[in-house]
Number of protein chains: 2
Amino acid sequence: MNLKELAKELNLSISSVSRALRDSKEISPSTKKIVLAKAKELNYQANPFASNLRKQKSKTIAVVIPEIANNFFSLAINGAESYAQKKGYHVLIYQTHDELQQEISISKHLQNGRVDGILISLSSQTAATDHLKEIKTKGIPLVFFDRVAENINAPKITTNDYESGFKATEHLIENGCKKIAFLSISNKLSIANKRMKGYLDAAKKHGIVTQKKHLITCDTDKEANKFLIRKMLEQTDRPDAIFACVEELAVSSYLVCQELQLNIPNDIKIMSFSNLQTAAILNPSLTTITQPAYDIGREAAAVLFQLMEHKGSATHMGDVVLNSELIVRNSTRMVPHLV
Amino acid sequence: MNLKELAKELNLSISSVSRALRDSKEISPSTKKIVLAKAKELNYQANPFASNLRKQKSKTIAVVIPEIANNFFSLAINGAESYAQKKGYHVLIYQTHDELQQEISISKHLQNGRVDGILISLSSQTAATDHLKEIKTKGIPLVFFDRVAENINAPKITTNDYESGFKATEHLIENGCKKIAFLSISNKLSIANKRMKGYLDAAKKHGIVTQKKHLITCDTDKEANKFLIRKMLEQTDRPDAIFACVEELAVSSYLVCQELQLNIPNDIKIMSFSNLQTAAILNPSLTTITQPAYDIGREAAAVLFQLMEHKGSATHMGDVVLNSELIVRNSTRMVPHLV
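What counts and what doesn't
- Residues numbered from 1 in each chain as written.
- Chains lettered and ligands numbered in written order.
- Predicted model: local features only at pLDDT ≥ 70, side-chain atom pairs only at ≥ 80, totals over all residues.
- Helix = DSSP H or I, 4+ residues; strand = E, 2+ residues; numbered from the N terminus.
- Rg over C-alpha atoms; globule rule 2.2 N^0.38 Å.
- Buried ≥ 20, exposed ≤ 12 C-beta atoms within 10 Å, placed from the backbone.
- Contact = placed C-beta atoms within 7 Å.
- Pairing = 2+ DSSP bridges.
- Axes fitted to C-alpha atoms, helices over the stretch in contact; angles between N-to-C directions.
- Parallel < 35°, antiparallel > 145°, perpendicular 65-115°, else oblique.
- Nonpolar A, V, L, I, M, F, W, Y, C, P; charged D, E, K, R; others polar.
- Domains from an automatic or database assignment.
- Expected span 1.5 Å × (residues − 1).
- Arc of directions from axis to C-beta.
- Right-handed = clockwise from strand over helix to strand, strands pointing away.

**Let's talk about the overall build of chain A**
Then step 1. The helix and strand tally for chain A stands at 12 helices and 12 strands.
Then step 2. At 25 Å, chain A has a C-alpha radius of gyration far larger than the 20 Å of a compact globule built from 339 residues.
Then step 3. Principal-axis analysis of the C-alpha atoms gives chain A an extent of 90 × 35 × 30 Å.
Then step 4. Put simply, chain A has 339 residues, and 47% of those count as buried.

**Details of the environment of Met232 of chain A**
Residue and element names in this part refer to chain A.
Then step 1. In this fold, Met232 is placed in helix H10 (residues 222-234).
Then step 2. The spacing of Met232 and Val148 is 84 residues in sequence and 30 Å in space, taken between C-alpha atoms.
Then step 3. Dropping the residues within four chain positions of it, Met232 is found in contact with Ala181, His214, Ile216, Arg238 and Pro239.

**Describing the sheet that holds strand E12 (residues 325-327) of chain A**
Residues and elements named next belong to chain A.
Then step 1. Spatially, E7-E6-E8-E9-E10-E12 is the arrangement adopted by the 6 strands of the open sheet, whose pairing is mixed. Bordering the open sheet on either side are strand E7 (215-217) and E12, each of which pairs with just one other strand. Across the sheet, the mean angle from the axis of one strand to that of its neighbour is 15 degrees, orientation sign disregarded.
Then step 2. By the bridge criterion, 4 bridges tie strand E6 (residues 180-184) to strand E8 (residues 241-244) in an arrangement that is parallel. Residue pairing across strands places Ile180 opposite Ala241, the latter belonging to E8.
Then step 3. Where helix H8 (residues 161-174) meets the sheet, it contacts E6, E8, strand E9 (269-273), strand E10 (287-290) and E12, and its direction lies at approximately 165 degrees from that of E8.
Then step 4. Each of E6, E8 and E9 is contacted by helix H11 (residues 247-260), which is oriented at about 160 degrees to E9, the strand it contacts most.

**What about the environment of Gln125 of chain B?**
Residues and elements named next belong to chain B.
Then step 1. Counting through the fold element by element, Gln125 comes out in the loop between strand E3 (117-120) and helix H7 (130-137).
Then step 2. When the 20 C-beta atoms within 10 Å are taken as the criterion, Gln125 is described as buried.
Then step 3. In the structure, Gln125 is positioned 22 residues away from Glu103 in sequence and 9.5 Å away in space, judged by C-alpha atoms.
Then step 4. Look past the residues within four positions of Gln125 in its chain and what remains in contact with it is Asp98, Glu99, Leu100 and Lys188.

**A look at the packing of helix H2 (residues 14-21) of chain A against helix H3 (residues 29-41) of chain A**
Residue and element names in this part refer to chain A.
Then step 1. Where H2 contacts H3, the axes come no closer than 9 Å and their chain directions differ by 90 degrees. Between H2 and H3, the interaxial angle falls into the category roughly perpendicular. The segment H2 lies against H3, with Val17, Ala20 and Leu21 engaging Thr31, Lys32, Val35 and Ala39.
Then step 2. Of the residues contributing to the contact of H2 with H3, the split by class is 5 nonpolar, 1 polar and 1 charged.

**Considering the domain arrangement of chain A**
Then step 1. Under the domain assignment used here, chain A contains domain 1 (3-46), domain 2 (60-158 + 293-322) and domain 3 (161-291 + 326-338).
Then step 2. The straight-line distance from the C-alpha centre of domain 1 of chain A to that of domain 2 of chain A is 36 Å.

**A short note on the packing of helix H1 (residues 3-10) of chain B against helix H2 (residues 14-21) of chain B**
All names here are of chain B.
Then step 1. Their axes nearest at 9 Å, the elements H1 and H2 cross at an angle of 100 degrees. Put simply, H1 runs roughly perpendicular to H2. Residues Leu3, Lys4, Leu6, Ala7 and Leu10 of H1 pack against Ile14, Val17 and Ser18 of H2.
Then step 2. The residue inventory of the contact of H1 with H2, partitioned by class, reads 6 nonpolar, 1 polar and 1 charged.

**As for helix H5 (residues 71-86) of chain A**
Then step 1. Between its first and last C-alpha atoms H5 of chain A spans 23 Å; for 16 residues at 1.5 Å apiece the expected length is 22 Å, and the two agree.
Then step 2. Packing partners of the buried residues in H5 of chain A comprise strand E1 (60-65), strand E2 (90-95), strand E3 (117-120), strand E4 (142-145) and helix H12 (293-309) of chain A together with strand E2 (90-95) of chain B.

**Focus: the sheet that holds strand E7 (residues 215-217) of chain B**
All names here are of chain B.
Then step 1. The 6 strands are arranged E7-E6-E8-E9-E10-E12 in an open sheet whose pairing can be described as mixed. Looking at which strands have only one partner, the edges of the open sheet turn out to be E7 and strand E12 (325-327). Each neighbouring strand pair of the sheet contributes to a mean axis angle of 15 degrees, computed without reference to strand direction.
Then step 2. Relative to strand E6 (residues 180-184), helix H9 (residues 190-205) is tilted by about 170 degrees, and along the sheet it contacts E6, strand E8 (241-244) and strand E9 (269-273).
Then step 3. Packed onto the sheet, helix H11 (residues 247-260) meets E6, E8 and E9 and runs at close to 160 degrees relative to E9.

**Some details on H2 of chain A**
Residue and element names in this part refer to chain A.
Then step 1. The set of residues buried in H2 consists of Val17, Ser18 and Ala20. The buried residues of H2 all sit within an arc of 160 degrees when viewed along its axis, so they share a single face.
Then step 2. If you follow the buried residues of H2, they end up packed against helix H1 (3-10) and H3.
Then step 3. With its phi angle positive at about 65 degrees, Asp23 sits one or two positions after the end of H2.

**As for the pairing of strand E5 (residues 156-159) of chain B**
Residues and elements named next belong to chain B.
Then step 1. Residues of E5 alternate between two faces, with Lys156 and Thr158 on one and Ile157 and Thr159 on the opposite face, all of them buried.
Then step 2. Looking at chain direction, strand E4 (residues 142-145) and E5 are connected through 2 bridges and run parallel. The residue bridging Phe145 from the neighbouring strand is Ile157, located in E5.
Then step 3. One ladder, built from 3 bridges, connects E5 with strand E11 (residues 320-322); its direction is parallel. Residue pairing in the sheet places Ile157 in a bridge with Val320 of E11.

**Focus: the pairing of E8 of chain B**
Residues and elements named next belong to chain B.
Then step 1. Of the two faces of E8, the one lined by Ala241 and Phe243 and the one lined by Ile242 and Ala244 are each fully buried.
Then step 2. Where E8 lies against E9, 4 bridges are found, and the strand directions are parallel. Considered in E9, the bridge of Ile242 is made with Ile270.
Then step 3. Read as a crossover between parallel neighbours, the route from E8 over H11 to E9 is right-handed.

**Quick word on the environment of Val256 of chain B**
Then step 1. With respect to the element layout, Val256 of chain B can be found in helix H11.
Then step 2. It is 8.5 Å that separates the C-alpha atoms of Val256 of chain B and Leu233 of chain B, two residues lying 23 residues apart in sequence.

Below, the structure is given as structure tokens:
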């Protein structure tokens, strides 16, 4: 059933039917009612591409993230979806797999009206941001969350990464740790650098010397990461704690400790930024800095819809910073003989 | 830069430029070369909606799944993406959150050319399938994976669910279990029913009596599920094993055992269909039936592209059944005094 057939059924001109369906003021309410009833009866649906061309609205937003197999991002997406659905919008999810090239390809794909707005959390490889500036230039509303591009003038929804990194490190120091390793995901991402700065400053404050060889920047390749962690833990002066920047690296650390038969928390303590659903039932349960992931996604969507609804007028809404929570579990438990 | 401006730059008519970009035979190779070079130089991109209207190709496929926060589905999506990317396609991910209404809404949204093909794994509420028949009627290639609709004539990629259910139950019986509970996600989904049939037949074969109160159909609400599991485990004749149909229910079972201070595997054994990344580091490590999730996704995409490329001619490609693997870990370990 296309527009032409519908018009024929109604014995009206195509343009009249089209205007009635668009709720045009040129068409009388009674005619609109008849057209809508017939459209419903015959299950007529507008061709979305033709319809989008006219209205310049896709009624969809995109969420671009590094990886869906990550509890933080899946929760954030659910938060964004909850908001978008209330507005009658669909959400398209795109994964970059932490690859800059993939992020660029998706950015191109999203230009020219395919979506009405974009939420993005950067890949760990992203330093140059021309592809994101291009989206801005094309006038597509853009909001960053968690992994943000500091140099682009667009709203950013983040958590208190510096403070959380500081607090986590102090927690380890208070529980007797003196040689704390920090596992980062990137030296390009501002969130990773802020978390590390918090770690460095807390160590400094407490007179703890941090060693360069205990600052590891990991990759997206899980096996390569495990190799780096194993190499560090096999050294004679191995660290007495690991602070992982993302949960993936905590899981890899647990697996390496299992292989090396290192007891957590007796031989080494582990904690991580994480929204891992299984944190409480791991062996041992994992101490986490837990981000309000769902709220971040919902807040990011709320700001994006504000941008979309006031396109042009509001070039820069305020940034939002939400607080993460330290949840102490057994993986950082104080071990009596160590203190 | 739109088509009109590009044509002006080239001093050619809009229709010539358009035909050159579409690689029409009416345009000479030398002109095409000039047009393509200029389009590249000026970073011209076709408006996807206008372009899709003409070509009837969106160069995208949709993957519709219950939940991304699920290791099986995130791996399956990665498998499908790996195949689609090789073909130059983008993948849109849609979540139904296990709600039939959401699945219907997405099905409507995906009609009329928005995507070239659809991979779907049903919500646990889906029994009536009119919305899926409608997709078939509109001629949009459709492939089911894992949670399939038996009554629709479309390719189905599944695993050997009956055999796996049988094998898992035998494993529990061999390790001394006599009162095995089965946690299902749905009484509508064929995969859940096949897994349960395997469980029932294995019990019967070994002369084990299954009790109705130990067959629980869970919901999508995690707290409600925990309540049902807790109620079962608080009874005096509680089961000595839980076989969970999906990993979510194994995680809930672990949490309830933690609350009730039941030791796994001494007080109760637990196993599950699962692709949980943390299965090996849980307390205790979880025995799983692990599905080849990545391969399922890739295979489903491969079949979908076959359908898309031979539209009309191949109405029903062969179904594919892949094998899952039993991975024995500590959660079902034999406890000496019990045998």
